[in-house]
Amino acid sequence: MPSSCSIRALWILVNQDTVVFSRRFPVAEKRWRAACERDKSLIEDDLKYTVVPSLPTDSEIAAAFIDRKKREGSARGFGIRINQSVEGSDSWVDDPITRHIISLYTKNEQEETNRTLWPLVLHIKDHYCILVLPLVEPHHLKTYTRMCKRSDCGNAVGADESLSALLLNLPSITGAFMVGHMIGDIITGNVTEPEIVISASPSVGGLLDSLTGSIGISARAKPVAAPVAGSTASGAATSGAMASDAPKIGLRPLDRDAIRSFISSAMPFGTPLDLNYTNISAVKINGFSSADIPPADQKQPAWKPYLYRGKQRILFTIHETVHAAMYDRDEISDSITISGQVNCRAELEGLPDVMFPLIGLDTARVELLSFHPCAQVPEHGNEKQALMFSPPLGNFVLMRYQALCGMRPPIKGFYQLSMVSENEGAFLFRLRLMEGYRAPLSMDFCTVTIPFPRRRVLSFEGTPSIGTVSVAEHFVEWKIITTGRGVSGKSVEATFPGTVKFAPWQPQRLPSSGAVLGNMEDEESDAETESTNNMANVEDFLMEKMNKDLQAVDLEEPFCWQAYDYAKVSFKIMGGSLSGMSIDPKSVSIFPAVKAPVEFSTQVTSGDYILWNTLGKCPVASTPKA
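The rules behind each value
- Residues numbered from 1 in each chain as written.
- Predicted model: local features only at pLDDT ≥ 70, side-chain atom pairs only at ≥ 80, totals over all residues.
- Heavy atoms only, no water.
- Helix = DSSP H or I, 4+ residues; strand = E, 2+ residues; numbered from the N terminus.
- Buried < 20%, exposed > 50% of the residue type's maximum accessible area, 1.4 Å probe, protein only.
- Contact = heavy atoms within 4.5 Å.
- Areas by Shrake-Rupley, 256 points an atom, 1.4 Å probe, with all protein chains shown as cover.
- 1 Å grid on protein atoms, 1.4 Å probe; cavity = no way out; pocket = protein on both sides within 12 Å on 5 of 7 lines; lining within 4 Å.
- Points joined across faces, edges and corners; volume = space filled by probe spheres on them.
- Nonpolar A, V, L, I, M, F, W, Y, C, P; charged D, E, K, R; others polar.
- Domains from an automatic or database assignment.
- Pairing = 2+ DSSP bridges.
- Expected span 1.5 Å × (residues − 1).
- Phe/Tyr/Trp six-rings, centres within 6.5 Å; stacked < 30°, edge-to-face > 60°.
- Core = buried A, V, L, I, M, F, W, Y, C linked by side-chain atoms within 4.5 Å.
- Salt bridge = Lys/Arg side-chain N within 4 Å of Asp/Glu carboxyl O.
- Axes fitted to C-alpha atoms, helices over the stretch in contact; angles between N-to-C directions.

> Go over the overall build of the protein, please, and point to the residues and values.
What the protein contains, in helices and strands, is 12 helices and 25 strands. Counting the 626 residues in the protein, one finds 47% classified as buried. For the protein, restricting intrachain contacts to residue pairs at least 6 apart in sequence, the fraction spanning at least 24 positions comes to 73%. Taken as a whole, the protein presents about 29500 Å² of accessible surface, with 52% of it coming from carbon and sulfur.

Rendered as structure tokens:
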């Protein structure tokens with residue numbers, strides 16, 4: 001069997017455990033049955049479980065999925081072996097990856113033996129559960145079945161069989177994950193293109209604009225969703241085709257025709273060819289014309305299904321996201337990392353190659369690096385990485401990287417919170433923004449949010465040294481810098497003392513502390529006949545308890561039940577990158593040579609930028625000393 005990726009079938013279920021869409025691929029299934037015929041050892045008596053000779057029906061899949069949720073404790077399951085795990089379950093394998101790659105046991109009415117369906121890639125998107133069954137070798141299923149029966153717990157170092165090691169050598173698993181994520185984006189309408197930031201917002205013009213509607217080209221803060229096939233004139237009549245038979249879950253109806261169209265174009269016969277939804281939609285809407293035939297001496301790549309015609313130019317945007325954990329403690333070091341990507345849009349006629357040096361790759365201390373399939377990466381020097389690529393259509397991510405921050409933290413300081421009584425807390429912020437930053441770097445906006453998820457705010461007192469404050473039922477928001485009043489070329493000091501009063505606690509019967517799983521086990525032991533129902537969904541059980549208005553764990557951390565006190569910072573910085581990555585527009589070369597202006601921009605936004613309460617508890621990961 002080839003090592004390429006093929007999909008045997010996929011199913012889409014809603015949270016009521018009903019299959020609302022399914023697709024089977026007979027070509028891949030025929031290959032599976034042929035492989036099973038060659039491997040007769042799969043039906044050994046000592047395995048107890050046999051393979052599924054034919055794919056189960058939608059109702060059998062739904063029943064098996066419900067049964068697994070009861071057996072594993074939730075849709076995803078425990079992942080690791082606990083007291084409730086039983087032999088043959090995914091958690092019995094004792095590998096966290098079984099939360100995402102699951103198995104189902106199906107049984108016909110005429111049969112008494114369970115039949116194993118594995119590996120099923122599980123992707124949960126909003127209210128939908130997407131199951132994708134890739135094609136693997138039969139002996140891989142045999143290995144997994146053996147893991148489900150072994151008595152030892154966990155994957156010991158040097159063990160003969162390890163689930164993670166087994167899956168690592170199966171490219172079809174990676175392909176199935178990509179299919180599941182793309183299907184999830186389509187059914188929830190979250191298909192977007194990478195954002196390209198430009199200095200002005202004129203119409204792009206040209207053939208590509210008429211086909212894709214200028215996706216993500218205007219100068220805006222957020223990207224927009226790519227147009228879907230179901231929204232065109234030809235597909236408008238079929239939009240909402242599933243409204244009648246899909247359960248009412250408060251979301252837009254699942255468009256069957258849009259999914260079918262994408263599957264038939266992106267993965268005919270079960271083999272994924274191109275999962276780029278923009279390309280698939282454009283080809284379906286516009287087809288191909290004789291004018292788009294490439295020169296005889298050039299091969300048209302799969303990521304460029306038709307050629308561009310119009311005004312030529314290249315747009316680059318370096319978009320970095322800053323994640324930080326700020327503690328302001330001597331015993332704990334602050335942590336700050338950067339996740340970045342180089343977004344590109346090359347509006348060039350024909351099939352040209354583009355090459356440019358990526359400045360700062362070495363000095364940025366890049367830890368992880370990956371490229372688009374269109375890129376060719378030759379050897380690089382100490383300072384500049386020469387990068388050549390054959391650009392696809394529309395906006396795309398040319399490169400992704402993870403690096404350490406090459407500058408001071410954009411926001412440095414501390415947040416302190418203490419309780420003066422059971423229902424009143426006093427806090428203090430002392431922050432310094434953009435210290436050491438020089439023009440052209442500028443902070444477009446900055447907001448600090450103090451969440452109180454377990455308490456209801458009654459009143460608030462306090463005046464910051466800069467900015468404005470707004471209060472909601474469960475948080476206080478401090479807008480230090482508002483959009484349109486950015487700060488450039490100088491640092492800003494900001495302090496904010498205040499007090500906040502909360503509604504009194506409501507007396508609750510349930511205890512406020514203690515081991516949740518231990519309590520759950522004690523409660524279940526009192527009613528053995530209902531133990532299966534009581535432990536059916538551990539995650540729901542935990543969330544139900546956490547969402548109740550429980551007593552505070554103690555006065556030092558009253559806002560979260562068995563959690564921590566923190567403030568979250570949101571900001572945007574324009575004019576440069578924090579890692580040192582950059583592109584010189586004058587160094588961009590196009591082959592064959594053509595006059596095309598090159599625009600370059602940068603944008604830095606906050607991810608999880610957390611200020612932990614200096615006076616309270618905080619989570620921290622131990623890192624090895626250099």
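> Talk me through the layout of surface pockets; I want residue IDs and the actual numbers.
Empty space within the largest pocket amounts to approximately 1200 Å³. Lining the largest pocket are 33 residues, with M178, L275, N276, H372 and R400 sitting closest to its centre. Put simply, the parts of the chain that give the lining of the largest pocket at least two residues each are α5 (171-188), α9 (277-286), β10 (366-371) and β13 (396-404). Across the lining of the largest pocket, the residue classes break down as 18 nonpolar, 10 polar and 5 charged. Both of domain 1 (7-188) and domain 2 (313-407 + 578-609) provide at least three residues apiece to the lining of the largest pocket.

> Lay out unusual backbone geometry in plain terms, naming residues and giving numbers.
Here W118 and P119 are connected by a cis peptide whose omega angle stands at 0°. For P119, the location among the structural elements is in strand β5 (residues 115-125). In this structure, P440 follows A439 across a cis peptide bond, with omega equal to 15°. With respect to the helices and strands, the residue P440 is situated in the loop between β15 (424-433) and β16 (442-451). Unusually for a residue other than glycine, D126 sits at a positive phi of about 55°. Tracing the sequence through the fold places D126 in the loop between β5 and β6 (128-134). Positive phi values are uncommon outside glycine, yet F269 reaches one of about 60°. Along the polypeptide, F269 turns up in the loop between α8 (256-266) and α9. Given a relative accessible area of 60%, F269 falls into the exposed group.

> Any details on the pairing of β6? Residues and values, ideally.
Counting buried positions along β6 yields 7 of 7 residues, so the element is predominantly enclosed. Side chains Y128, I130, V132 and P134 project from β6 onto one buried face, and the interleaved C129, L131 and L133 project onto a second face that is buried too. Sheet topology places strand β1 (residues 7-14) next to β6; 7 bridges connect them, and they run antiparallel. Bridge pairing in β6 places W11 opposite L131. In this structure, β5 lies alongside β6, joined through 5 bridges in antiparallel fashion. Opposite L122, over in β6, you have L131 as the bridge partner. The antiparallel hairpin formed by β5 and β6 contains 2 residues in its connecting segment, where D126 sits at a positive phi of about 55°.

> Report on α5, specifying residues and quantitative values.
Compared with the 26 Å implied by 1.5 Å per residue over 18 residues, the 26 Å span of α5 between its first and last C-alpha is a close match. All of the buried residues along α5 are S172, I173, G175, A176, V179, G180, M182, I183, G184, I186, I187 and T188. Remark: G189 follows α5 within two positions and exhibits a positive phi of approximately 70°.

> Tell me about the packing of aromatic side chains, residues and numbers included.
By the definition in use, this model includes 16 aromatic pairs. Where F571 meets Y609, the ring centres are 5.3 Å apart and the plane angle is 85°; that geometry is what we call edge-to-face. On the criterion of sequence distance, the pair formed by F571 in strand β22 (residues 566-574) and Y609 in strand β25 (residues 598-612) is long-range, its members being 38 residues apart. The burial state of F571 is the same as that of Y609; both residues are buried. Grouped by ring-pair contacts, the aromatic residues Y415, F427, F429, F460, W478 and F496 constitute a single cluster.

> Give a description of the nonpolar core that names residues and reports values.
What tends to happen in soluble globular proteins is that the nonpolar side chains get buried as a cluster. Residues F429 and L433 are the most contacted members of the largest nonpolar core, which totals 42 residues. Per-element tally for this core: the top contributor is strand β21 (residues 492-502), with 5 residues. If you count residues domain by domain, this core takes at least three from each of domain 2 (313-407 + 578-609) and domain 3 (409-504 + 561-571). Excluding residues within four positions of it along the chain, L433 makes contact with P410, I411, M443, C446, I480, I481, K490, S491 and V492.

> Please set out the pattern of salt bridges residue by residue, giving values where relevant.
In the structure shown here, the tally under the stated rule is 15 salt bridges. A salt bridge links D58 to R24; the nearest nitrogen and oxygen atoms lie 3.0 Å apart. Here D58 is found in helix α2 (residues 58-72), whereas its partner R24 is found in strand β2 (residues 19-24), with 34 residues between them in sequence. Taking relative accessible area as the criterion, R24 reaches 30% and is therefore assigned partly exposed. Where salt bridges share partners, they join R313, R345, E347 and E599 into one cluster.

> Tell me about the sheet that holds β15, and please be specific about residues and values.
Strand order in the open sheet made by the 4 strands is β14-β15-β21-β17, with antiparallel pairing throughout. On the outer flanks of this sheet lie β14 (411-421) and β17 (457-462), each paired with one strand and no other. Averaged over all neighbouring strand pairs, the angle between strand axes comes to 20°, with direction disregarded. Where β17 and β21 come together, 5 bridges link them in antiparallel fashion. In the sheet register, G462 faces β21, and the bridge partner there is G498.

Honestly, that's just the spatial picture; any functional story needs more than this.
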